[in-house]
Amino acid sequence: MVKAYQRYDAATSFGVISSVDSNIAYDSTGKYVLAPALEKVGIWHVRQGVCSKTLTPSSSRGGPSLAVTSIASSASSLVAVGYADGSIRIWDTEKGTCEVNFNSHKGAVTALRYNKVGSMLASGSKDNDIILWDVVGESGLFRLRGHRDQVTDLVFLDGGKKLVSSSKDKFLRVWDLETQHCMQIVSGHHSEVWSVDTDPEERYVVTGSADQELRFYAVKEYSSNGSLVSDSNANEIKASEEHSTENKWEILKLFGEIQRQTKDRVARVRFNVSGKLLACQMAGKTIEIFRVLDEAEAKQKAKRRLRRKEKKSSKVGDENSTANGEASAKIELADAVSSPTVLDVFKLLQVIRAGRKISSFSFCPTAPKESLGTLALSLNNNSLEFYSLKSSENAKTVTIEHQGHRSDVRSVTLSEDNTLLMSTSHSEVKIWNPSTGSCLRTIDSGYGLCSLIVPQNKYGIVGTKSGVLEIIDIGSATKVEEVKAHGGTIWSITPIPNDSGFVTVSADHEVKFWEYQVKQKSGKATKKLTVSNVKSMKMNDDVLAVAISPDAKHIAVALLDSTVKVFYMDSLKFYLSLYGHKLPVMCIDISSDGELIVTGSQDKNLKIWGLDFGDCHKSIFAHGDSVMGVKFVRNTHYLFSIGKDRLVKYWDADKFEHLLTLEGHHAEIWCLAISNRGDFLVTGSHDRSMRRWDRSEEPFFLEEEKEKRLEELFESEIDNAADDRHGPMEEIPEEGVAALAGKKTIDVLSAADSIIDALEVAEDETKRHAAYEEEKTKGKVPEYLPNAVMFGLSPSEYVLRAISNVRTNDLEQTLLALPFSDSLKFLCYMKDWSLIPEKVELVSRIATIILQTHHNQLVTTPSARPILSVLRDILYSEIKACKDTIGFNLAAMDHVKQMMDASSDAPFKDAKAKLLEIRSQQAKRMASRGDTKMEKKRKKKQKKLEEGQHGHALF
């Protein structure tokens, strides 16, 4: 009988507030911040400081390939998120659902930007390509190629008709999206261009690189008569238009440069929504905030600057030179009025200095009344900070850091009843609820490398890098005592099975045995837990790990010399020496029945030993890097191992078989803890996340799992072949080219196969029906039964069902994979499909793609002409009817909007609110005046009463 195992699946991950691989972004309301959390996106409520929703992609593959690398929010509730595998998902933040999935990039998505209305999305990637997406139509429009290195940022110009892209190839490119070509290549940067942005009025474009200055460009636009007009210096352009050398394709013209305050490269530049502030983030701890002056202020500043220059020049030189200087200064003053310089427009307001390195920032779209704006920062220590910007200073308003560690998680341990989880990091200990992932307590501590929760869940013990044992009161979240236990790093701590104490091992070559004691300190009423050293054992080398058998008979210690020594627990006499590893053993565990001991080493191997004779049962090459942890599931011979290769693996120690691989972590896994019942395990990683893996009721068989792993390997090879990463690079001309937006994937090939199968089944059904009709004319035949394979549909409906199941984004690549003969069959069915009003758009797309792809063959195929002529007559009329319907609906909606505006008091809302505010203030003042009058009357009455009483007393 084949043995069945129970599957473990990823349940939840927690501990990450903001990861460093992506930017953060506000949503359209300004109440929430979208922060990347490895493969998820957390939606944080700014005022409450809590994560209200989490956007988690549903994918069988996890790990670094699914890490979030870019976020862009639109004017609506939709948010675009780019991932490391090149996919882009459009999420609805209100519903928390994924609306669209685009997959056309071959590298990680590095830049995303919506146009102003949110109907179009531009994406840039490490594959050097830019793709334009139709968000409404859920399809890729085209691909722009030209950059020689990764695209770093994108920005739309001219109402979404043009696109500016920056790249690590040191160039800016201006693309015309209507003609799909590169209009201008802007050079001048001496290093990689990391970011680009434009103000809301599209007057200036600013770029940031590793150069010591920020570069500003003036934007030229096409006017209605086709001539070029500049928003910033119209007079200068009018003069330049007279010269024949003027380049009409020059959209960006250098406006000037501003020296930066720090030497770090620029990571990100962004204007706020009003365009009055510009923030420049460095690849360090600072952000420079510039104030953008309007045209009148800039001209006034230019006048003042040149007047100062005029006064300065009048003090130097003789009278003749003074007169000449005054004349030239007057000319410059006249020029300054028409064209201010970059220093006249952009003024350094302040510099924000954070405590840690800044990963990203975002301006709040809604400006508060009492300040210039609000800025959200994500720091590289897994926290979010919010700053309120004022004219001369900035103030930190909110910090979100409670729900995660500042650095990697070095140890995790579960309580006996599995209700509490304790994790340690370089500066703090956190207590979690493992079922919900919420942080319950945070206690400051040293650099904890190992930990233990004392029975009854009242105290925790942490072994630190400095050799100190810290006793922590979990209930009050305080550190009770520090015990100087070892002279070196405490590498491991394990409880003694009878709950009387624990054992610690250290780099000072010592193994120490401790017991619990409850003592009352002098001057304090309550009793506190303390520990005392009972005995110790000196070894010849650093001790890295320790394990005790469940019957408390043996203790095993791993030494730096790659051996494992086993001793008797009571007498500490030598019992066994386990040698065979080539590098030091990092972890040990003993099974519940005391029969097996497993060791994991830096040589990437697991070794399973018998504890009776110390013989090695099996040596398994387990991980692609060092094995960092190993644990048996209680009362079984199943075990879990973790490694620096980011994987968790599940093994059968009796059959020496690899059962499961659990992917999900994005960096080295340092620690794991398994519940007493074995129903879940928790792992902690260098990526600062903790992940819980639950045992499900779903059984699996070993052979099936092996087949699944082989299929995944085969699919990854197909993906690599489709990407052709190792093939010769296509030569792209300097001016750039446009290409198809899609790419071949497993989904595309599967969709093409399903369509070919549907066409074959439909053709067989058509022949069967024709044969039935022929037999029917000859005589009596049995009743014609519909084909069960086709679900009772007609051949045309069945093929339409197959093509409708293809994702809109994959339709073009799917049709490209079809041979010409199948494309001809498609054209035959389209006559019937075009009569269905809901399918007119789909039929038009299919017809366009087939005509573009197979134009030469269709021209030379006589049998295709009648089909094409029929389609031409039908499609033109049907598309016109659709356009008329859409136009009518748009006009009706516009009319309804105008009627609502006319009937509502929307234009006067602000005035009414102001009036109500004034009236409420007047009412308060009147009430306060009335109160004072009443108080005076009361006092007068009281005084008279007192005088009367005094008179009676005299008589």
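This is a predicted model, so every value here is computed, not measured.

In this section: the pairing of strand S36 (residues 459-464). Counting buried positions along S36 gives 6 out of 6 residues, so the element sits mostly inside the fold. In this structure, strand S35 (residues 448-453) lies alongside S36, joined through 5 bridges in antiparallel fashion. Paired with Cys450 across the bridge in S36 is Gly463. What sits between S35 and S36 in their antiparallel hairpin is a turn of 5 residues, with Gln456 showing a positive phi close to 80 degrees. Two elements, S36 and strand S37 (residues 468-473), share 5 bridges in a ladder whose sense is antiparallel. Looking across to S37, one finds that Ile461 is bridged to Ile471. Hairpin connection of S36 to S37: 3 residues between the antiparallel strands, including Gly467 at a positive phi of 90 degrees.

Okay, the sheet that holds strand S31 (residues 411-414) next. Strand order across the open sheet formed by 4 strands is S31-S32-S33-S34, with antiparallel pairing between neighbours. Where the open sheet ends on each side, the last strands, each with one partner, are S31 and strand S34 (438-444). With strand direction ignored, the average angle separating the axes of adjacent strands in the sheet is 20 degrees.

Per the stated rule, a full pass over the model turns up 19 aromatic pairs. Between Phe640 and Tyr650, the ring centres sit 4.5 Å apart and the planes meet at 15 degrees, which makes this aromatic pair stacked. You can see Phe640 sitting in strand S52 (residues 638-643) and its partner Tyr650 sitting in strand S53 (residues 647-652), a full 10 residues away along the chain. Look at Tyr650 and you get buried, because its relative accessible area is 4%. Through pairs of rings, three or more aromatic residues link up here, namely Tyr5, Tyr8, Tyr638, Phe640, Tyr650 and Phe700. Here the guanidinium or amino end of Arg268 rests over the ring plane of Phe361, the centre of that ring lying 6.0 Å away.

With 86% of its residues at a pLDDT of 70 or more, the protein chain has an overall mean of 85. Ignoring residues within four places in sequence, the model shows residues 950-955, a span with pLDDT below 50, making 0 contacts including any to other chains.

Where helix H9 (residues 820-833) meets helix H10 (residues 840-853), the closest approach of the two axes is 11 Å, and the angle between their N-to-C directions is 150 degrees. Classed by the angle they form, the pair H9 and H10 counts as roughly antiparallel. Between H9 and H10 lies a crossing whose hand is left-handed. Where H9 abuts H10, its residues Ser823, Phe826, Leu827, Met830 and Trp833 lie against Val843, Ile846, Ala847 and Ile850. Of the residues that constitute the contact of H9 with H10, the class distribution is 8 nonpolar, 1 polar and no charged.

This next bit is on the nonpolar core. Residues Tyr8, Leu421, Phe640, Val648, Leu681 and Met690 are the most contacted members of the largest nonpolar core, which totals 32 residues. Listed by contribution, the elements that provide at least two residues to this core are strand S1 (4-14), S31, S52, S53, strand S54 (657-663), strand S55 (669-674), strand S56 (680-685) and strand S57 (690-701). Ranked by size, the runner-up nonpolar core spans 28 residues in total, among them Val799, Leu842, Ala847 and Ile850.

This brings us to the packing of helix H6 (residues 746-778) against helix H7 (residues 795-804). Running from N to C, H6 and H7 point in directions that differ by 175 degrees, and their axes come no closer than 9 Å. Taken together, the axes of H6 and H7 lie roughly antiparallel to each other. Of the residues in H7, those touching H6 at Ile755, Ala758, Leu759, Val761, Ala762, Glu765 and Thr766 are Pro795, Tyr798, Val799, Ala802 and Ile803.

There is a patch of nonpolar side chains on the surface, built from Ile886, Leu890 and Met893 and spanning about 340 Å² of accessible area. Here Leu890 lies in helix H12 (residues 864-903).

Moving on, we come to empty space enclosed by the protein. As enumerated under the stated definition, the model contains 2 cavities of 30 Å³ or more in all. Its volume calculated, the second largest cavity comes out at about 30 Å³. Surrounding the second largest cavity, Ser139, Gly140, Ala741, Gly742, Thr808, Asn809, Glu812 and Arg845 form its lining. Split into classes, the residues belonging to the lining of the second largest cavity amount to 1 nonpolar, 5 polar and 2 charged.

Another aspect to go through is the sheet that holds strand S38 (residues 478-484). As summarised here, the arrangement of the 4 strands in space is S35-S36-S37-S38, forming an open sheet in which the pairing is antiparallel. With one partner strand each, in any of the chains shown, S35 and S38 form the two edges of the open sheet. Along the sheet, successive strands turn relative to each other by an average axial angle of 20 degrees, direction set aside.

As a further point, take the environment of Arg7. Tracing the chain through its elements places Arg7 in strand S1. Note on Arg7: relative accessible area 10%, which makes it buried. Taking the C-alpha atoms as reference, Arg7 lies 5.8 Å from Arg695; in sequence the two are 688 residues apart. Residues within four places of Arg7 in sequence aside, it is in contact with Leu660, Asp694, Arg695, Ser696, Glu698, Phe700, Glu705 and Lys708. For Arg7, the side chain forms a polar contact with the side chain of Glu705, separated by 3.1 Å.

Reading the values: the criteria
- Numbering of residues begins from 1 in every chain and follows the order in which that chain's sequence is written.
- With the structure being a predicted model, the display of local features is reserved for residues of pLDDT at least 70 and the display and counting of side-chain atom pairs for 80 or more, all residues being used for whole-chain, interface and lining totals.
- By convention in this description, side-chain values take in all heavy atoms of the structure and omit both hydrogens and water.
- In this scheme, a residue with accessible area under 20% of its type's maximum is buried, one over 50% is exposed, and one in between is partly exposed, where area comes from a 1.4 Å probe on protein chains only.
- Helix and strand labels come from DSSP, where a helix needs a run of H or I of at least four residues and a strand needs a run of E of at least two; each type is numbered from the N terminus.
- Only when DSSP finds a minimum of two bridges between them are two strands counted as paired.
- Think of each axis as a best-fit line through the C-alpha atoms, taken over the contacting stretch in the case of a helix, with angles from 0 to 180 degrees between the N-to-C directions.
- Two aromatic rings from Phe, Tyr or Trp, using only the six-membered ring of Trp, form a pair when their centres are within 6.5 Å; if the ring planes differ by under 30 degrees the pair is stacked, by over 60 it is edge-to-face, and anything between is tilted.
- To sit over a ring, a charge needs its Lys NZ or Arg CZ within 6 Å of the ring centre and within 35 degrees of the ring normal.
- Residue-level confidence of the predictor is summarised by pLDDT, bounded by 0 at the bottom and 100 at the top.
- By definition in these notes, contact holds between two residues if any of their heavy atoms fall within 4.5 Å.
- Any angle from 65 to 115 degrees is called roughly perpendicular, while one under 35 is roughly parallel, one over 145 is roughly antiparallel, and all others are oblique.
- Handedness of a crossing follows from how the near helix is turned relative to the far one, being left-handed for an anticlockwise turn of less than a right angle and right-handed for a clockwise one.
- Side-chain classes are defined by residue name, with Ala, Val, Leu, Ile, Met, Phe, Trp, Tyr, Cys and Pro counting as nonpolar, Asp, Glu, Lys and Arg as charged, and the others, Gly among them, as polar.
- Working definition of a nonpolar core: buried Ala, Val, Leu, Ile, Met, Phe, Trp, Tyr and Cys residues. They are joined through side-chain atoms within 4.5 Å.
- By definition, no residue in a patch forms a salt bridge, and every one has over 30% relative accessible area; like charges are joined within 9 Å, nonpolar side chains (Val, Leu, Ile, Met, Phe, Trp, Tyr) within 5 Å.
- The accessible surface values rely on the Shrake-Rupley method and a 1.4 Å probe; as for residues, cover is taken only from the protein chains in view.
- One side-chain nitrogen of Lys or Arg within 4 Å of one carboxyl oxygen of Asp or Glu is enough to make a salt bridge.
- Both site types are read off a 1 Å grid over the protein atoms alone. A 1.4 Å probe that fits but cannot get out defines a cavity, while an open set with protein on both sides within 12 Å along at least five of seven lines defines a pocket; lining residues have an atom within 4 Å of a point.
- Grid points are joined across faces, edges and corners, and a volume is the space filled by probe spheres set on the points.
- N or O atoms closer than or at 3.5 Å make up a polar contact, with two conditions inside protein: a donor-capable atom paired with an acceptor-capable one, and, for residues adjacent in sequence, both atoms drawn from side chains.

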